[in-house]
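Results of the structural survey
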Amino acid sequence: MFAVLSLAFVIGLIFLNRSINRVPLLAEDGSSFEKAVVTEILQDNITESGGRSGEQIVKVEITSGSHKGETVEATSLDGYLYGATCEVGTRVIISISEYDGNIVANVYNYDRTFVIVIFVILFLALLSIVGGKKGILSAVSLIFAAVCVLWLYLPLMYMGVEPFLAAVLCCILITLFTLILLGGFSVKTFAAIAGTVFGCIVAGVVAFAFAHFMHITGYNVEDVENLILVEQNSQLRAGGILFSGILIASLGAVMDVAMSIASSISEIHYHSPELSMKELVKSGMRVGRDMMGTDVNTLILAFVGGASTMMIIYYAYSMPVRQLMNSYFLGTEILEGLSGTFGVIMVVPFVSVITAWMYKRRGLTKNK
């Protein structure tokens, strides 16, 4: 039944995404991005003085699309974000535009598709080999989470659903699927589900409160101009994306703590059913306290790592502390980091109490 419901859900998502009519934001000039292989270097103006710069004129053989098999000239700018340092045999992605039968091609970037696929396969294989059956189930749950984010969370926001509600729905579905898949239909699973949902909502509420008092809105973020453009051409509510993203980012750590505490209490109760509810709660709290430090660090360091480029820029420019502390950048990073940790902290007593209650007040004496 669980597998049938999951399959029906995925099929529903496919129909949902097909029904969405996205407004094109880029000019439809007939250009496309295709795979190609460099066959010859015609001109190389790359210079190393004062930093690497310049361009290359190369011949490439197109290996995908309607022009597959054709050889064309392409320009490759040696930039930090676009272009590639080409050699014969280099696999690249080129942008193609066709005017009056003439093809204009530019090297967009390296073709990384093969490398990405290989690393994903290695990751899933390693997860399955080391984790066994649980590893395989973890890989399935990870794929399901990606499907929910790409095919549900993003489309719902684009259609005008409040981003916070879209994130809550996505978190609930991912939590249900992951924990039931890994833990089955058991008391510890449902206690962990309740704790995970509670922790994520706490993180979201705390984020709203912090943002209110720090005068931060969802528009005080990078790429706000692009968000506003999308908002003007869809029903997106861009101001709520920041807070919904905090829920998604917190989900993994909160789920980890919730399931670990529920599983620990379940095991303790199974081997010592005579323990009272108070003693089970204390045991859960002790396990939770050991986990809080590492999981809080996980969230904080994840956000710090993501902001490291801006941090080094501020450091290099010797920005005054008063200016840095009151910038939108640092305020947003603190908001994102601390909100998730509040959810992790609050889930510890919540799951400890609810798991102990479910076992003792319902008279359960087995590890169900």
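My aim in this report is to walk through the structure given alongside it, one point at a time. (Residues numbered from 1 in each chain as written. Predicted model: local features only at pLDDT ≥ 70, side-chain atom pairs only at ≥ 80, totals over all residues. Heavy atoms only, no water.)

Concerning the nonpolar core
Ile 174, Leu 247, Val 257 and Val 347 are the most contacted members of the largest nonpolar core, which totals 49 residues. Listing elements by their share of this core, those giving two or more residues are α2 (113–158), α3 (163–183), α4 (187–214), α6 (241–271), α7 (277–306) and α10 (328–360). Considering every element that reaches this core, the biggest residue donor is α6, with 11 residues. When sequence neighbours within four positions are dropped, the list of residues in contact with Ile 174 reads Phe 144, Ala 145, Cys 148, Leu 251 and Met 255. Counting residues in each nonpolar core, the second largest holds 14 residues, with Val 38, Val 58, Val 92 and Ile 94 among its members. (Core = buried A, V, L, I, M, F, W, Y, C linked by side-chain atoms within 4.5 Å. Buried < 20%, exposed > 50% of the residue type's maximum accessible area, 1.4 Å probe, protein only. Helix = DSSP H or I, 4+ residues; strand = E, 2+ residues; numbered from the N terminus. Contact = heavy atoms within 4.5 Å.)

Thoughts on the environment of Ser 266
Note on placement: Ser 266 falls in helix α6. Note: C-alpha distance between Ser 266 and Leu 13 (253 residues apart in sequence) is 35 Å.

Points about empty space enclosed by the protein
Tallied over the full model, the rule gives 1 cavity of 30 Å³ or more. Counted as a void, the largest cavity has a volume near 30 Å³. Around the largest cavity, the lining residues are Val 168, Cys 171, Ile 172, Val 197, Cys 200, Ile 201 and Leu 247. Taken together, the residues that form the lining of the largest cavity break down as 7 nonpolar, no polar and no charged. (1 Å grid on protein atoms, 1.4 Å probe; cavity = no way out; pocket = protein on both sides within 12 Å on 5 of 7 lines; lining within 4 Å. Points joined across faces, edges and corners; volume = space filled by probe spheres on them. Nonpolar A, V, L, I, M, F, W, Y, C, P; charged D, E, K, R; others polar.)

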